[in-house]
Structure formats: structure tokens, C-alpha cells
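# Tertiary structure, described
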Amino acid sequence: MLDLLVNISIVQQILPVAKGFNADKFKQYIREAQDLDLKSFMCDAFYYDLVINHETSIYQTLLKGGEYVYEDETYHFQGIETVLSYFSFARYAMDSPVVSTSHGRVIKETNYSSPADLKQRKDDYHRYRSDAECYWKDIKIFLDRNTDTYTKWECDDCNNSKKKTINIRVLK
């Protein structure tokens, strides 16, 4: 299994994940965000190079974000850690009140609180996904401007980030 590029501590520095939330459960949200969400924005060659070599200095820049100069202008971008944090948090926001028990999946309630309703969880899910995608746009611009450093970004699919689409047809 490939390394995860972030952990719950990194996500907690960016977004309000409950301190007592089960770290192993949260790893699943991170794994899904990395394997399903992040991977869909890049070609396989770049994705696997990033995950395998994430500790190298060039990928640390990509993970952490920062400033760079392009055509005498200074730009700033949030790194992939931020994107993965937002994608992971979206999954957490949607699923966190649901607990698997021997009697099926349930939402626990207490005398002092009640879980967010489905509409609120869906709104949060879409908001955090949208934020992640906005942060990704700046990373893509950074990568497009630095193909000499990120040579695997120049593969056929990388410069045209994959788009998730659903085709719906009305049958009569």
C-alpha cells in the first residue's frame, strides 16, 4: 500500500477535525481522498512519482506550497497537503456522525447534542470539495509553469487534468 501524503495532525492544523476523532478511521478518509480525488487530477506517472518520492525536496515544495516567481511576478499557492485536507474533511463531514454497529449503520445522539442533518452534511461536503478544487487550480498553474522541475507532469493526461463527468440520458 502506498504512503499517505497527509495525516490527521496535518488536517487538524488546517481544518477543525475533533481532537478525539479516531485517527485510524480518519486514515480511511485520507486514503479515499488521495486515491480517488487527488489521483483524478493527474496522470498515473505523475501521481505514483509524487507518492513514492514525496519526501524529496521538489515534492515537499509541492506538498507544502509556497511562493514562486514566474515572469518577474511573485505567486503563492497552497500545497497538496491543503487540497488533501479539504478532500478528506469533506468525506469526514459527510460520514462522521454515522457509526457502524452490529445492528447496522446508525447516527448516535446524546442529551447534549444532535448530529448535523443530511442536508447540512451534504452542503459541507460540497463546500469543502469545491474549496479543494480551487486550491488545486493554483497548484496546476504552478506545475504548468515548472515543467522543467516536475518532468513527469508533462505526460499526456497531466496537462489536461482529468474531468469527472456523468452522462445522463433521458429514455423515452
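All values reported here derive from a predicted model rather than from experimental measurement.

What counts, and at which threshold
- Residues numbered from 1 in each chain as written.
- Predicted model: local features only at pLDDT ≥ 70, side-chain atom pairs only at ≥ 80, totals over all residues.
- Heavy atoms only, no water.
- Helix = DSSP H or I, 4+ residues; strand = E, 2+ residues; numbered from the N terminus.
- Contact = heavy atoms within 4.5 Å.
- Core = buried A, V, L, I, M, F, W, Y, C linked by side-chain atoms within 4.5 Å.
- Buried < 20%, exposed > 50% of the residue type's maximum accessible area, 1.4 Å probe, protein only.
- Pairing = 2+ DSSP bridges.
- Polar contact = N/O pair within 3.5 Å; in protein donor to acceptor, adjacent residues only side chain to side chain.
- Phe/Tyr/Trp six-rings, centres within 6.5 Å; stacked < 30°, edge-to-face > 60°.

Here Y75 shows up in strand β2 (residues 73–78). Taking the C-alpha atoms as reference points, Y75 and D138, separated by 63 residues in sequence, lie 9.3 Å from one another. Look past the residues within four positions of Y75 in its chain and what remains in contact with it is G66, E67, Y68, Y70 and R145.

Another point: the nonpolar core. Of all hydrophobic cores here, the largest spans 41 residues; its most connected members are L62, I80 and W136. Per-element tally for this core: the top contributor is helix α5 (residues 80–95), with 8 residues.

Two faces belong to every sheet, and in a regular strand the side chains alternate between them. Relative to β2, strand β1 (residues 65–70) runs antiparallel, the two sharing 6 bridges. Residue pairing for β2: E67 is matched across the bridge by H76. In sequence, β1 turns back onto β2 through a hairpin of 2 residues, with E71 there showing a positive phi of about 50°.

What follows deals with unusual backbone geometry. Positioned with a positive phi, E71 is a non-glycine residue whose angle comes to about 50°. Topologically, E71 is positioned in the loop between β1 and β2. Take E71: its relative accessible area is 63%, and that puts it in the exposed class. You will see that D72, though not glycine, has its phi angle at about 65°, which is positive. You can see D72 is positioned in the loop between β1 and β2. Residue D72 is classed as exposed on the basis of its relative accessible area of 74%.

Its location among the elements puts N7 in the segment before α1 (8–14). The exposure class of N7 is partly exposed, given its relative accessible area of 39%. For the pair formed by N7 and D24, sequence separation is 17 residues and the distance between their alpha carbons is 9.8 Å. A polar side-chain atom of N7 sits 3.0 Å from the main-chain amide nitrogen of S9. From its side chain, N7 meets the backbone nitrogen of I10 in a polar contact 3.0 Å long.

A separate point is the packing of aromatic side chains. As enumerated under the stated definition, the model contains 22 aromatic pairs in all. For the ring pair F26 and Y29, a centre distance of 5.7 Å and an interplane angle of 85° mean the geometry is edge-to-face. Note that F26 and Y29 are positioned in helix α2 (residues 23–37) at a spacing of 3 residues, about one turn of the helix. Y29 gets classed as buried once you look at its relative accessible area, which sits at 3%. Ring centres of Y86 and Y135 lie 5.3 Å apart, and the angle between their planes is 55°; on these two criteria the pair is classed as tilted. Within this pair, whereas Y86 is found in helix α5, its partner Y135 is found in helix α6 (residues 118–145), the two being separated by 49 residues in sequence.

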